[in-house]
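Next come the chains, spelled out residue by residue.
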Amino acid sequence: MPLSSISIRLALAGLLCASTLAQAADRPAALKALEEQGLSIVGEFDAPGGLKAWGAYSGNRALAVYSLPDGQHMMVGTLIDAKGEEVRPAGLDKLVQPAIAKDMLGKLEQSRWIKDGDDKAPRVVYVFTDPNCPYCMQFWQMARPWVESGKVQLRHIMVGILAPSSSLKSAAILAAKNPTQALNEHSLAMLKDRSAGVKGLDSVPSNIEADLTRNEDLMMGWDLRATPAMVWQDEQGHIQMQTGASPDITERVFGPR
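Residues numbered from 1 in each chain as written. Predicted model: local features only at pLDDT ≥ 70, side-chain atom pairs only at ≥ 80, totals over all residues. Heavy atoms only, no water.

> Talk me through the sheet that holds strand β2 (residues 52–58); I want residue IDs and the actual numbers.
The four strands lie next to each other as β1-β2-β3-β4, forming an open sheet whose pairing is antiparallel. Both outer strands of the open sheet, β1 (40–46) and β4 (74–76), are each paired with one neighbouring strand and no more. This sheet shows a mean twist of 30° between the axes of neighbouring strands, independent of strand direction. By the bridge criterion, seven bridges tie β2 to strand β3 (residues 61–67) in an arrangement that is antiparallel. Bridge pairing in β3 links Y57 to A62. Packing of helix α2 (residues 29–36) onto the sheet brings it into contact with β1, β2, β3 and β4, and relative to β4 it is tilted by some 40°. (Pairing = 2+ DSSP bridges. Helix = DSSP H or I, 4+ residues; strand = E, 2+ residues; numbered from the N terminus. Axes fitted to C-alpha atoms, helices over the stretch in contact; angles between N-to-C directions. Contact = heavy atoms within 4.5 Å.)

> Describe the nonpolar core, listing the residues and the values that go with them.
Judged by nonpolar contacts, the single largest core of 26 residues is most densely connected at I100, M104, L108, F128, W222, L224 and V231. When contributions to this core are tallied by element, the ones reaching two or more residues are β2, β3, α3 (90–110), β8 (123–129), α8 (206–221), β10 (229–233) and β11 (239–243). At six residues, α3 tops the list of elements feeding residues into this core. Not counting the four nearest positions on each side in its chain, V231 is found in contact with M104, L108, V124, V125, Y126, F128, L224, I239, Q240 and M241. Residues V127, A245, V253 and F254 belong to the second largest nonpolar core, which totals 15 residues. (Core = buried A, V, L, I, M, F, W, Y, C linked by side-chain atoms within 4.5 Å. Buried < 20%, exposed > 50% of the residue type's maximum accessible area, 1.4 Å probe, protein only.)

> Please provide a residue-by-residue account of the pairing of strand β7 (residues 113–116), values included.
With burial as the criterion, only one face of β7 is covered, namely that bearing I114 and D116; the residues W113 and K115 on the opposite face remain uncovered. For β7 and strand β9 (residues 152–158), the ladder comprises four bridges, and the chain directions are antiparallel. Bridge pairing in β9 places D116 opposite L154.

> Can you tell me about unusual backbone geometry, naming the residues and giving the values?
That bond from T227 to P228 is cis: its omega, -5°, falls within 30 degrees of zero. For P228, the position within the fold is in the loop between α8 and β10. Not every positive phi belongs to a glycine, and D223 is a case in point at roughly 60°. With respect to the helices, strands and loops of the structure, D223 is situated in the loop between α8 and β10.

> Requested: an account of the side chain of R144, with residues and values cited.
Position of R144 among the secondary structure elements: in helix α5 (residues 144–148). Among all residues touching R144, those that are not within four sequence positions of it are D116 and L154.

Structure (structure tokens):
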């Protein structure tokens, strides 16, 4: 009797799981130690010089891990050729960049953010925003032509890191009936008068405090130390990061106008 399609899918899933477990079991102990220290291992790739190499990443940085001939020791670093120039294996980014993008975009998507722009916009830019940051308001203003034309959607990940009132103001914006409108009104007011803008809550509700903490941990975990801090996926599928709001960054962050 032929197997049903469900049985076939289950059988294939079992084989895939067994294969994945076998590959994990075959990994050198030193590689497993790197994983335990927080390095994300993606898989093997072809490296020059006959080395066995593994693609890995930390944050948005792709790393090559090379196995020494004894199979017991690993090196994380850069290859240099006879001219003293860096050799970046072609297979490293091809293997690792999709994993970085999937990981980071998943974490950003799950964070608490405020939508600014069309859901059908071809580019989404996540921006860590502190309500006391005048440069965040400048960035908001710089983005208007791209947002209003439907080319970019901003997703503001609110944080409270610049002043004691930052968390209270972020909480007020997040707790508003229409957070997008509240953030837009706050931004416009701040652009006219830095002492204006939203009035902070008397205290931060526990659920919003938890969201702000997660947002801030996400930001600091990627070594983004200033606001605004932008994260987006470029045309090649690579994750890009930028801090600050200087006018010369607009096409890099938003794309062609």
